[in-house]
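A look at the structure
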Amino acid sequence: MEEMKKRFEEASKVLRQTVDISFAEYSKDKSTKNEIVKLWQETINDFLQYAVKMSEKHQAKELYKSIARTLIFGK
């Protein structure tokens with residue numbers, strides 16, 4: 001569990017930095033909005049597709065459903 005906690009902390013840090021960069025880029029040039037959103041969508045979709053694939057591989061669809069629910073609803 002400690003390794004997982006450490007990785008989540010690292011991922012959170014990278015995501016926060018990416019949010020900061022996203023807003024900085026948008027502040028410099030409002031026309032980049034669609035490109036920024038597309039990058040976020042592609043990344044999130046890639047993650048979700050990977051999570052589905054791994055849940056099937058590990059026969060853990062209930063875990064995936066709980067993770068997805070948390071991502072969507074924050075609960």
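For the structure itself, consult the block above.
Residues numbered from 1 in each chain as written. Predicted model: local features only at pLDDT ≥ 70, side-chain atom pairs only at ≥ 80, totals over all residues. Heavy atoms only, no water.

**Here's the deal with the overall build of the protein chain**
The secondary structure content of the protein chain amounts to three helices and zero strands. Along the protein chain, from the amino end to the carboxyl end, the secondary structure elements read α-α-α. Its C-alpha radius of gyration of 15 Å places the protein chain more than 25% over the 11 Å reference for a compact globule of 75 residues. In terms of principal-axis extent, the alpha carbons of the protein chain reach across some 45 × 25 × 20 Å. Within the protein chain, the fraction of its 75 residues that count as buried is 9%. (Helix = DSSP H or I, 4+ residues; strand = E, 2+ residues; numbered from the N terminus. Rg over C-alpha atoms; globule rule 2.2 N^0.38 Å. Buried < 20%, exposed > 50% of the residue type's maximum accessible area, 1.4 Å probe, protein only.)

**Quick notes on the pattern of salt bridges**
The final tally for this structure, using the stated rule, is five salt bridges. Here R7 makes a salt bridge to E3, at a shortest N to O gap of 2.8 Å. Of the two residues, R7 and E3 are both situated in helix 1 (residues 2-28); the distance of four residues between them amounts to about one turn of the helix. On the accessibility criterion, E3 (45% relative accessible area) is partly exposed. Of the charged contacts in the structure, one is a salt bridge between K65 and E62, with a shortest N-O distance of 3.6 Å. With a gap of three residues between them, K65 and E62 both fall in helix 3 (residues 61-73), about one helical turn apart. We classify K65 as partly exposed; its relative accessible area is 43%. For E62, a relative accessible area of 57% gives the class exposed. (Salt bridge = Lys/Arg side-chain N within 4 Å of Asp/Glu carboxyl O.)

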